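Chain by chain, the residues:
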Amino acid sequence: MAHEHKLEIFRGLLKFKSNTQKIWGVLIFLSIVTAVEVALGILKPEILTKNYFLGMKLLNWIFIILTLVKAYYIAWDFMHLRDEKSSLRRAIVWTPIFLVSYLIFILLFEADYIYNVFKEGFLSWDF
């Protein structure tokens, strides 16, 4: 028993007439987000590379947030999570987002610590 898929994106802000149009709309959205990521990676604006938030450059935070937005939207639209019950959606989407965010946070802080140790030299303790 198949049912019709919803042909709107952005919570009904854009409505399409067919699945083909919807796929193109989603492709355009994901391409725009990817283009912003690539442009920021190439240009590396000084205001985003010189300022830090919670020990990481603002540019890194923007990359992480945009990547999570793309991952969420792919799961929401292409895995048809919007048609599921809200508890299942939360279990599937929010758990990996939290775990991936935590992993990225830990990896970047450890990498920064190791970088600072190599940059400032080793400390030896004599007991």
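Above this note sits the structure.
The following refers to the structure shown. Fair warning: this is a prediction, and the values are worked out from it, not measured in the lab.

1. Quick word on unusual backbone geometry
Even without a glycine there, the phi angle at Lys 44 is positive, about 45 degrees. Along the chain, Lys 44 falls in the loop between helix H1 (19-43) and helix H2 (46-50).

2. Points about the environment of Ile 74
Inspection of the secondary structure assignment puts Ile 74 in helix H3 (residues 58-78). Ile 74 gets classed as partly exposed once you look at its relative accessible area, which sits at 37%. Spatially, the C-alpha atom of Ile 74 lies 8.6 Å from that of Leu 30, the residues being 44 residues apart in sequence. When near neighbours in sequence (up to four residues on either side) are disregarded, Ile 74 contacts Leu 30 and Met 79.

3. A look at H1
Taking 1.5 Å of rise per residue, 25 residues should cover 36 Å, and H1 covers 36 Å from first to last C-alpha, within 8% of that figure. Residues of H1 that are buried: Lys 22, Gly 25, Val 26, Phe 29, Leu 30, Val 33, Glu 37 and Leu 40. Looking at the residues trailing H1, positive phi occurs at Lys 44, about 45 degrees.

4. A word on a nonpolar patch on the surface
A cluster of nonpolar side chains, Phe 53, Leu 54, Phe 98, Leu 99, Tyr 102, Phe 105, Ile 106 and Phe 109, forms an exposed patch at the surface whose accessible area comes to about 790 Å². Considering the arrangement of structural elements, one finds Leu 99 in helix H4 (residues 86-120). A relative accessible area of 48% means that Leu 99 is categorised as partly exposed.

So, how was this worked out
Residue numbers run consecutively from 1 along every chain, following the written order of its sequence. Local features are withheld for residues below a pLDDT of 70 in this predicted model, meaning they are given only at 70 or higher, and side-chain atom pairs are given and counted only at 80 or more; totals for whole chains, interfaces and linings count all residues. Note: side-chain values were computed over all heavy atoms of the structure, leaving out hydrogens and water. Note on conventions: DSSP H or I runs of at least 4 residues are helices, E runs of at least 2 residues are strands, and numbering of each starts at the N terminus. The rule is simple: take the accessible area with a 1.4 Å probe, protein chains only, and divide by the maximum for that residue type; under 20% is buried, over 50% is exposed, in between is partly exposed. Any pair of residues with heavy atoms lying within 4.5 Å of one another is described as a contacting pair. Working rule for helices: expected span equals 1.5 Å times residues minus one. Note that patches include only residues with greater than 30% relative accessible area and no salt bridge, and the join distances are 9 Å for like charges and 5 Å for nonpolar side chains (Val, Leu, Ile, Met, Phe, Trp, Tyr). Using a 1.4 Å probe, the Shrake-Rupley method yields the accessible areas, and only the shown protein chains count as cover for residues. The rule for a salt bridge is simple: a side-chain nitrogen of Lys or Arg has to be within 4 Å of a carboxyl oxygen of Asp or Glu.

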